[in-house]
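# Tertiary structure, described
Next come the chains, spelled out residue by residue.
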Amino acid sequence: MIRKAEECISEAREKMRDGNGTVKLTHFVSKDELYGKGRLFSRITLEPGCSIGWHIHDTDSEIFYVESGCPVYNDGGEEKTAAPGDVLICPAGTGHAISNPTDETVNVIAVIVYA
């Protein structure tokens, strides 16, 4: 099966996880297509000034691949600047946040898998 880019479902979330601005998600597959192994495989777009607020992953793990831009990643309370090609990992039982304090758009590919 091939899913064409124009067939992917996009949505906008205001103040995602109490973050700033509107975050765009482009879902590559549905939760059902992950067959009980996870709940998200999407591109997340953060325009300048946008963020996803701090939250904890109790029973799942989130992995970001930085596709473009230089987001600031709050890794368990420590802020770090990431660059394209970096992989950001939030293991189950830990928390994180991500923001775009730059003038460029940030795109990350996000995968949430169950622990």
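Here, the structure is the one placed above.
Notes on the structure in this doc start here. Bear in mind that the values here come from a model prediction, so they are computed numbers and not experimental data.

The rules behind these values
Residues numbered from 1 in each chain as written. Predicted model: local features only at pLDDT ≥ 70, side-chain atom pairs only at ≥ 80, totals over all residues. Heavy atoms only, no water. Pairing = 2+ DSSP bridges. Helix = DSSP H or I, 4+ residues; strand = E, 2+ residues; numbered from the N terminus. Core = buried A, V, L, I, M, F, W, Y, C linked by side-chain atoms within 4.5 Å. Buried < 20%, exposed > 50% of the residue type's maximum accessible area, 1.4 Å probe, protein only. Contact = heavy atoms within 4.5 Å. Disulfide = S-S within 2.5 Å. Axes fitted to C-alpha atoms, helices over the stretch in contact; angles between N-to-C directions.

### Remarks on the pairing of strand E9 (residues 94–99)
The sheet contact formed by strand E4 (residues 51–57) and E9 spans 5 bridges and is antiparallel. Paired with isoleucine 56 across the two strands is glycine 95, which belongs to E9. One ladder, built from 4 bridges, connects strand E6 (residues 72–75) with E9; its direction is antiparallel. Its bridge partner being in E9, valine 72 is matched across the sheet by serine 99.

### A word on the nonpolar core
Ile44, Leu46, Phe64 and Ile98 are the most contacted members of the largest nonpolar core, which has 19 residues in total. Every element with two or more residues in this core is listed here: strand E2 (22–27), strand E3 (38–46), strand E5 (60–68), strand E8 (87–90) and strand E10 (106–114). For this core, the element with the highest residue contribution is E10, accounting for 4 residues. The contact partners of leucine 46, leaving out residues within four places of it in the chain, are Val23, Ser51, Ile52, Ile98, Ser99, Asn100, Glu104, Thr105 and Val106.

### Examining unusual backbone geometry
Note: most peptide bonds trans; most residues except glycine with negative phi. One non-glycine residue, lysine 15, lies in the positive phi region at around 45°. Here lysine 15 lies in the loop between strand E1 (9–14) and E2. With a phi close to 55°, arginine 17 is a non-glycine residue in the positive phi region. One can find arginine 17 in the loop between E1 and E2.

### Remarks on the state of the cysteines
The tally for this structure, following the rule as stated, stands at 0 disulfides. Distance from the sulfur of cysteine 70, which forms no disulfide, to the nearest cysteine sulfur (cysteine 50) is 16 Å. According to the relative accessible area criterion, cysteine 70 is partly exposed, its value standing at 35%.

### Observations concerning the sheet that holds E10
Taken together, 6 strands build an open sheet; the order of strands is E1-E2-E3-E10-E5-E8 and the sheet is antiparallel. The open sheet has two free edges, formed respectively by E1 and E8, since each of these has just one partner strand. For this sheet the average axis-to-axis angle between neighbouring strands, irrespective of direction, equals 25°. Bridge count for E5 against E10 is 8 bridges, and the pairing is antiparallel. Residue glutamate 62 lies in a different strand from E10, and its bridge partner there is isoleucine 112.

Shape is all these values report; function is a separate question.
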